Amino acid sequence: MKNIFVLSFIFLFTSGFAVSNLEAQKVGHLNSALILSEMPEVLAADAELETLQQQLVNQAQRKVEALQRDYQELVRKEQQGDLSPRQLQEEQNRLREKEMELQMEDQNIQSTLMRKREELLSPIIDKVQKAIEDVARENNFQYILDTSAGTVLYQDPTMDVADLVRAKLGLD
């Protein structure tokens, strides 16, 4: 009986210590995607990316149209009998190579846009991260969760630090 009493006392003491330790932690949350969408720098970066994408797509479209004209011309020459079988095969091979080049160019466009997006958004994301870290330090938060990731099951609206981060970024 004495052992049960001692074990119960130890359990209550250690669990009370753990609970008081948890209560000392301060956790805040915010939606970083929403904050980023409010930043003028992000809007400017998006506009620049859209302009670049349109330029690259227009260039590629002109090449696709030229390839289509070349195919049409090849079909016309074949129908009129202007090409020997060997010439026809060479032209078909040349056009297939051009088509493969266009496919590679499409992949390069996607890579270029991804690199440019990273180049433009990286300093902005770093700025937001620094503001979050400053708010956490200034307000004694041990953790700040990002609700835009969708993993938070419950959040107390009073612990939302988004307004503090907006203020730190000058978005008021």
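Computed from a predicted model, the values in this text were never measured in an experiment. (Residues numbered from 1 in each chain as written. Predicted model: local features only at pLDDT ≥ 70, side-chain atom pairs only at ≥ 80, totals over all residues. Heavy atoms only, no water.)

### A word on the nonpolar core
At step 1: Ranked by size, the top nonpolar core spans 19 residues in total, and within it Leu30, Ile35, Met39, Ile124, Val165 and Leu169 carry the most contacts.
At step 2: For this core, the elements supplying multiple residues, two or more each, are helix H3 (40-80), helix H4 (85-138) and helix H5 (162-169).
At step 3: The leading source of residues in this core is H4, at eight residues.
At step 4: What Ile124 contacts, discounting residues up to four positions off in sequence, is Leu36, Met39, Glu41, Val42 and Ala45. (Core = buried A, V, L, I, M, F, W, Y, C linked by side-chain atoms within 4.5 Å. Buried < 20%, exposed > 50% of the residue type's maximum accessible area, 1.4 Å probe, protein only. Helix = DSSP H or I, 4+ residues; strand = E, 2+ residues; numbered from the N terminus. Contact = heavy atoms within 4.5 Å.)

### Focus on the confidence of the model for the protein chain
At step 1: In this model, the protein chain carries a mean pLDDT of 86, and residues with pLDDT of at least 70 account for 83%.
At step 2: Low pLDDT (under 50) marks residues 5-9, which in the prediction has zero contacts with non-local residues, meaning those over four places away or in another chain. (pLDDT = per-residue confidence, 0-100.)

### A short note on the packing of aromatic side chains
Two numbers describe a pair of aromatic rings. These are the distance of the centres and the angle of the planes.
At step 1: Throughout the structure, instances matching the rule amount to zero aromatic pairs.
At step 2: Directly above the ring of Phe141 sits Lys26, whose terminal nitrogen or CZ lies 4.6 Å from the centroid. (Phe/Tyr/Trp six-rings, centres within 6.5 Å; stacked < 30°, edge-to-face > 60°. Lys NZ or Arg CZ within 6 Å of the ring centre and 35° of its normal.)

### Description of H3
At step 1: The end-to-end C-alpha separation of H3 is 60 Å, in line with the 60 Å expected for 41 residues at 1.5 Å each.
At step 2: Residues of H3 that are buried: Val42, Ala45, Leu49, Leu52, Leu56, Ala60, Leu67 and Leu74.
At step 3: Against helix H2 (32-37) and H4 lie the buried residues of H3.
At step 4: At the exit of H3 stands Gly81, carrying a positive phi of roughly 75°. (Expected span 1.5 Å × (residues − 1).)

### Remarks on the pattern of salt bridges
At step 1: Under the definition given, this model contains 14 salt bridges.
At step 2: Its salt-bridge partner being Arg86, residue Glu90 comes within 3.5 Å of it at the nearest N-O pair. Placement of the pair is Glu90 and Arg86 together in helix H4, with a separation of four residues, close to one helical turn.
At step 3: Using a relative accessible area of 41% as the deciding quantity, one classes Glu90 as partly exposed.
At step 4: Exposure remark for Arg86: the relative accessible area of 64% places this residue in the exposed category.
At step 5: Across the salt bridge formed by Arg94 and Glu91, the nearest N and O atoms sit 2.7 Å from each other. Of this pair, Arg94 and Glu91 both sit in helix H4, three residues apart, roughly one helical turn.
At step 6: Residue classification places Glu91 among the partly exposed residues on the basis of a relative accessible area of 27%.
At step 7: Taken together, the shared-partner salt bridges connect Glu38, Asp163 and Arg166 into one network. (Salt bridge = Lys/Arg side-chain N within 4 Å of Asp/Glu carboxyl O.)

### Structural notes on a nonpolar patch on the surface
At step 1: A contiguous nonpolar surface patch, about 250 Å² in accessible area, is contributed by Val27, Tyr143 and Leu145.
At step 2: Considering the arrangement of structural elements, one finds Tyr143 in strand E2 (residues 143-146). (Patch = residues over 30% accessible without salt bridge, like charges linked within 9 Å, V, L, I, M, F, W, Y side chains within 5 Å. Areas by Shrake-Rupley, 256 points an atom, 1.4 Å probe, with all protein chains shown as cover.)

### Remarks on the packing of H4 against H5
At step 1: Axis separation between H4 and H5 bottoms out at 9 Å; the angle between their running directions is 120°. Here H4 is positioned oblique relative to H5, judged by the angle of their axes. Helix-helix and strand crossings are classified by hand; for H4 and H5 the assignment is right-handed. For the pair formed by H4 and H5, the contact residues are Lys127, Val128, Ala131, Ile132, Asp134, Val135 and Glu138 on the first element and Leu164, Val165, Lys168 and Leu169 on the second. (Axes fitted to C-alpha atoms, helices over the stretch in contact; angles between N-to-C directions. Parallel < 35°, antiparallel > 145°, perpendicular 65-115°, else oblique. Left-handed = near helix turned anticlockwise from the far one by under 90°.)

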